[in-house]
Amino acid sequence: MRKIFISADIEGITGVTGWCETRYGGQGYDAACRQMSLETAAACRAALDAGYEVVVKDGHEDGLNIDANLLPKGTQLIRSWMSDPYAMMAGLDQSYDGAIYIGYHAKAWSNDSPLTHTIEDYLFNWIKVNGELASEFSLNALLADEMSVPSIFLSGDKGICDDAKSLYPSMETVAVKHGTGNATWNIHPEEAIALIEDGVKKALAAKHQSKPLANEYRMEINFKKHQKARHASWYPGAKQIDSNTVEITAKTPTDLAIARMFMTGV
């Protein structure tokens, strides 16, 4: 049976604007989780209706945000973390026919959202791979490429949608909001749900290919605290290039993810 993998985050969900909405006990958190669940459910419905087996990875914070009761029957949900370097893509393997990204957000060191970050806002200023600023999407899509799984659809803020299309032109994207300063301009929640379901249907009907891998991957991590950079520099093969920045080169995206996990703890 054909299979689709869905990785879901919360900062790129329509309406989500402040950090309080992304964390347990924060104002608006429950509403954000509900909309995250409903936007993910829309992607699930489209894939299930097209005859795919669907696996969802809850990829935000502790991975306990999506309400399984709001997902369509037949969906499999991976909750919390599997203690491996694939993190938001944990569970993906070469048996999948496509990867979908829901609720993704603009990368660190950009101005496309009040919630811009890459992996951990408290830990990193930015991450670069082969000289380009990385997003959570670009890092995760590399892992999919390594497994020859094409990235076919993404929803989130306009910044990450534009980035995704520049990296994978055949992808379908749905921008549910855009950011200006500390504000977000959001489409209606029901409209986001409808557009995501329609967008996934279009993505599944199109042809997609994973990208060929590079010969090597040079990762630079700029830490908020210089002490963290010094700590990371002790990882074998890592090099501290200034007070807050460490670099390392790996042969594959998986090797890169493993190095990052042990260098940074995330």
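Residues numbered from 1 in each chain as written. Predicted model: local features only at pLDDT ≥ 70, side-chain atom pairs only at ≥ 80, totals over all residues. Heavy atoms only, no water.

The name an unreviewed UniProt entry assigns to the protein chain is Peptidase M55, from the organism Anaerotruncus colihominis.

Before going further, it helps to examine the pattern of salt bridges. Applying the stated criterion across every chain yields a total of six salt bridges. For Asp 198, the salt bridge is made with Lys 202, and the minimal N-O distance between the two is 3.5 Å. Note that Asp 198 and Lys 202 are positioned in helix α4 (residues 189-205) at a spacing of four residues, about one turn of the helix. By relative accessible area, Asp 198 is classed as partly exposed at 36%. Residue classification places Lys 202 among the partly exposed positions, given a relative accessible area of 45%. A salt bridge links Glu 247 to Arg 218, with the nearest nitrogen and oxygen atoms 3.5 Å apart. (Salt bridge = Lys/Arg side-chain N within 4 Å of Asp/Glu carboxyl O. Helix = DSSP H or I, 4+ residues; strand = E, 2+ residues; numbered from the N terminus. Buried < 20%, exposed > 50% of the residue type's maximum accessible area, 1.4 Å probe, protein only.)

To continue, consider the UniProt feature "active site" (unreviewed entry) in the protein chain. When the UniProt feature table is mapped to this numbering, "active site" (unreviewed entry) covers His 117. By the secondary structure assignment, His 117 is in the loop between β4 (98-104) and β5 (124-129). Within the local environment of His 117, its side chain forms a polar contact with the side chain of His 105, the two groups lying 3.2 Å apart. (UniProt positions renumbered as here; feature names shortened; annotations may be inferred. Polar contact = N/O pair within 3.5 Å; in protein donor to acceptor, adjacent residues only side chain to side chain.)

Our next topic: the confidence of the model for the protein chain. Predicted confidence across the protein chain gives a mean pLDDT of 98, with 100% of residues reaching 70 or more. When mean pLDDT is compared element by element in the protein chain, strand β1 (residues 3-8) scores highest at 99, while helix α6 (residues 253-264) scores lowest at 97. (pLDDT = per-residue confidence, 0-100.)

Along the chain, Ala 214 turns up in the loop between α4 and β10 (217-223). Each C-alpha atom, one on Ala 214 and one on Glu 191, is 38 Å from the other, the two residues being 23 residues apart in sequence. Non-local contacts of Ala 214, meaning those with residues more than four positions away in its chain, are made with Asn 130 and Lys 251. (Contact = heavy atoms within 4.5 Å.)

Taken in spatial order, the seven strands of this open sheet run β3-β2-β1-β4-β7-β8-β9, and their pairing is mixed. Here the strands that pair on one side only, and so sit at the sheet edges, are β3 (76-78) and β9 (183-186). Direction aside, neighbouring strands of the sheet carry axes that sit 20 degrees apart on average. In this structure, β4 lies alongside strand β7 (residues 151-157), joined through four bridges in parallel fashion. Across the sheet, the residue bridging to Tyr 104 is Gly 156, located in β7. (Pairing = 2+ DSSP bridges. Axes fitted to C-alpha atoms, helices over the stretch in contact; angles between N-to-C directions.)

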